[in-house]
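Next come the chains, spelled out residue by residue.
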Amino acid sequence: MAKIKIAELFYSIQGEGRYMGVPSVFLRTFGCNFSCRGFGMPRGEFSTEATELIQVAHMFEKYEDLPLVSTGCDSYASWMPEFKSLSPMLTTDAIADRITEIIPHSEWRDEHLVITGGEPLLGWQRAYPDLLDHPKMAGLKEITFETNGTQKLTQEFKDYLREWQDLNRTKREVTFSVSAKLPCSGEKWEDAICPQVVREYEQVGTAYLKFVIATKQDFEDAERAVKEFRNAGFTGHVYLMPVGGVESVYALNNKAVALMAMAAGLRYSDRLQVPLFKNEWGT
Ligand code: SF4
C-alpha cells in the first residue's frame, strides 16, 4: 500500500482561489523544492525567522505548537528537514480513515479535497491514485492540487487523470491552483516560471495562476509572467492575492491588490484563512 508523508491533515474553509469559501479537507504533504525566503522582505534580502527556529526545533512536539512567521514561507515546517519528525508517514488507508473522521457526516457531501504542501507534485504523485481510488473517497467530486507549478506530471499520473476526463468514470473535477513564484519569493525566475509545465496541467484538468503581490514591482513581475504563460498557450484564469501569512501584513495591502487586479482586468483572491482564523496551523 502506498504511503504519504503528511505534514497536516485538517478540515477548514478554502480561503483562496477558485474554491474560496468551500468546506475543504486539506492534506498537506511534506517536502518542497523551494524555500521562498524572500516573502515579506525588502528585495534581495532573505528571512531568517524560520531558520532561527531550527535551534529550538526539538522543543516542539506537534505542529500546532510551532510559531507562525510573518516573513518567508508560512508553511516552513512542511519542508524544512529539521521539522520532519512532526510529519508522520501514513498509509493511504490511514489517511482515508482520518479524512472520514474529520468530515462532518463521515461521508463526502459538498466538501472538496485540497492536496497542498510543501509541493504536493513532488514524488507523492505515485501515491495519489491509491488514495483517490480508496472506497472511503468514493463520494469525493472535486480536488485541487495547490502547486508552485514547477513539477511535471509523471506519465502514469497523467494517464490516471486523463482517464477521468476521457471516461468521466468518476465524475470528478481536478484543478491545479498554480502559485507561480515571482522574484519577491526569493526564487529565481528561470526556476519558478515554467509555462510548459502548467500547460500540461491544463491537459488533464483546470489550471489557474495565483500570484502573491506586495508591491507595484510584484504586480509588474506578475504581468511579465502572465505574458510568458499566455505566449506558451496557457488559457486559464489569473488571480492576484495579497501577501500576508499574518493579519497585520495582510491587512496592509489587500485593498491595494484588489484595486490592481480590477485595473488589470484580473481576478482578486482573498486569503480568507487570515482574517477568519488568523492563519493558525490547521486552518
Ligand atoms: S513553494 Fe510554497 S511551500 Fe514551497 S517554500 Fe515556497 S511558499 Fe513554501
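Residues numbered from 1 in each chain as written. Predicted model: local features only at pLDDT ≥ 70, side-chain atom pairs only at ≥ 80, totals over all residues. Heavy atoms only, no water.

A. Representation of the overall build of the protein chain. A tally of helices and strands in the protein chain yields nine helices and nine strands. The buried share of the protein chain, reckoned over its 283 residues, is 55%. Relative to all contacts within the protein chain whose residues are 6 or more apart in sequence, the contacts with residues 24 or more apart total 78%. Only carbon and sulfur atoms are counted for the fraction: they give 52% of the accessible area of the protein chain, which is about 12600 Å². Computed over 31 positive and 39 negative side-chain charges, the separation of the two mean positions in the protein chain equals 3 Å. (Helix = DSSP H or I, 4+ residues; strand = E, 2+ residues; numbered from the N terminus. Buried < 20%, exposed > 50% of the residue type's maximum accessible area, 1.4 Å probe, protein only. Contact = heavy atoms within 4.5 Å. Areas by Shrake-Rupley, 256 points an atom, 1.4 Å probe, with all protein chains shown as cover. Lys, Arg positive; Asp, Glu negative; His and termini not counted. Charge placed at Lys NZ, Arg CZ, Asp CG, Glu CD.)

B. Highlighting the site of the ligand. Residues in close proximity to the ligand include Cys32, Phe34, Ser35, Cys36, Cys73, Trp79, Gly118, Asn148 and Lys181, which together make up its full environment. Looking at the shell around the ligand residue by residue, the class counts come to five nonpolar, three polar and one charged. (Near = heavy atom within 4 Å. Nonpolar A, V, L, I, M, F, W, Y, C, P; charged D, E, K, R; others polar.)

C. How the structure looks around the environment of Pro242. Here Pro242 lies in strand 8 (residues 238–242). Sequence spacing of Pro242 and Met260 is 18 residues, and the spatial spacing of their C-alpha atoms is 10 Å. In this structure, Pro242 is in contact with Val212, Ile213, Tyr250, Asn253, Asn254, Val257, Tyr268, Ser269 and Arg271, ignoring residues within four places of it in sequence.

D. Inspection of unusual backbone geometry at higher detail. Note that the residue after Gly117, namely Gly118, is joined by a cis bond; omega there is 15°. Structurally, Gly118 is set in the loop between strand 4 (112–116) and helix 3 (128–132). Despite not being glycine, Cys36 shows a phi value in the positive range, around 45°. In this fold, Cys36 is placed in the loop between strand 2 (23–29) and helix 1 (49–52). The phi torsion at Ser106 lies on the positive side, around 60°, for a residue other than glycine. Positionally, Ser106 belongs in the loop between helix 2 (92–102) and strand 4. We classify Ser106 as partly exposed; its relative accessible area is 47%.

E. Just the side chain of Asp218, in detail. Tracing the sequence through the fold places Asp218 in helix 7 (residues 216–231). Within the local environment of Asp218, its side chain forms a polar contact with the side chain of Arg43, the two groups lying 2.7 Å apart. What Asp218 contacts, discounting residues up to four positions off in sequence, is Arg43, Leu182, Cys184, Val212 and Ile213. (Polar contact = N/O pair within 3.5 Å; in protein donor to acceptor, adjacent residues only side chain to side chain.)

F. Molecular detail of helix 8 (residues 247–264). The terminal C-alpha atoms of helix 8, which comprises 18 residues, lie 25 Å apart, in line with the 26 Å expected from a rise of 1.5 Å per residue. Residues of helix 8 that are buried make contact with strand 7 (206–213), helix 7, strand 8, strand 9 (267–268) and helix 9 (273–277). Looking one or two residues beyond helix 8, the residue adopting positive phi is Gly265, at roughly 70°. (Expected span 1.5 Å × (residues − 1).)

G. Just the sheet that holds strand 4, in detail. On the basis of which strands lie adjacent, the open sheet formed by nine strands has the order 3-1-2-4-5-6-7-8-9 and mixed pairing. Two strands lie at the open edges of the sheet, namely strand 3 (89–91) and strand 9, each paired on one side alone. Two elements, strand 1 (residues 3–13) and strand 2, share seven bridges in a ladder whose sense is antiparallel. In the strand pairing of strand 2, Ile6 is matched with Thr29. Against the sheet, helix 6 (residues 195–204) contacts strand 5 (142–147), strand 6 (173–178) and strand 7, and its axis sits at roughly 165° relative to strand 6. Along the sheet, helix 8 contacts strand 7, strand 8 and strand 9; its crossing angle with strand 8, the most-contacted strand, is approximately 155°. (Pairing = 2+ DSSP bridges. Axes fitted to C-alpha atoms, helices over the stretch in contact; angles between N-to-C directions.)

H. The arrangement of the pattern of salt bridges in detail. For the structure shown, the criterion picks out 13 salt bridges. Here Asp97 makes a salt bridge to Lys136, at a shortest N to O gap of 2.5 Å. Placement of the pair is Asp97 in helix 2 and Lys136 in the loop between helix 3 and strand 5, with a sequence separation of 39 residues. What makes Asp97 partly exposed here is its relative accessible area of 32%. Take Lys136: its relative accessible area is 41%, and that puts it in the partly exposed class. Where salt bridges share partners, they join Arg43, Asp218 and Asp221 into one cluster. (Salt bridge = Lys/Arg side-chain N within 4 Å of Asp/Glu carboxyl O.)

I. Local environment of the packing of aromatic side chains. Overall, the coordinates contain 10 aromatic pairs when judged by the stated rule. Relative to Phe176, the ring of Phe145 lies with its centre 5.6 Å away and its plane at 20°, an arrangement referred to as stacked. One end of the pair, Phe145, is in strand 5; the other, Phe176, is in strand 6, with 31 residues separating them in the sequence. A relative accessible area of 0% means that Phe176 is categorised as buried. Among the aromatic side chains, those forming a connected cluster through ring pairs are Tyr128, Phe145, Phe157, Tyr160, Phe176 and Tyr201. One cation-aromatic arrangement involves Lys5 over Phe30; the distance from NZ or CZ to the ring centre is 5.6 Å. (Phe/Tyr/Trp six-rings, centres within 6.5 Å; stacked < 30°, edge-to-face > 60°. Lys NZ or Arg CZ within 6 Å of the ring centre and 35° of its normal.)

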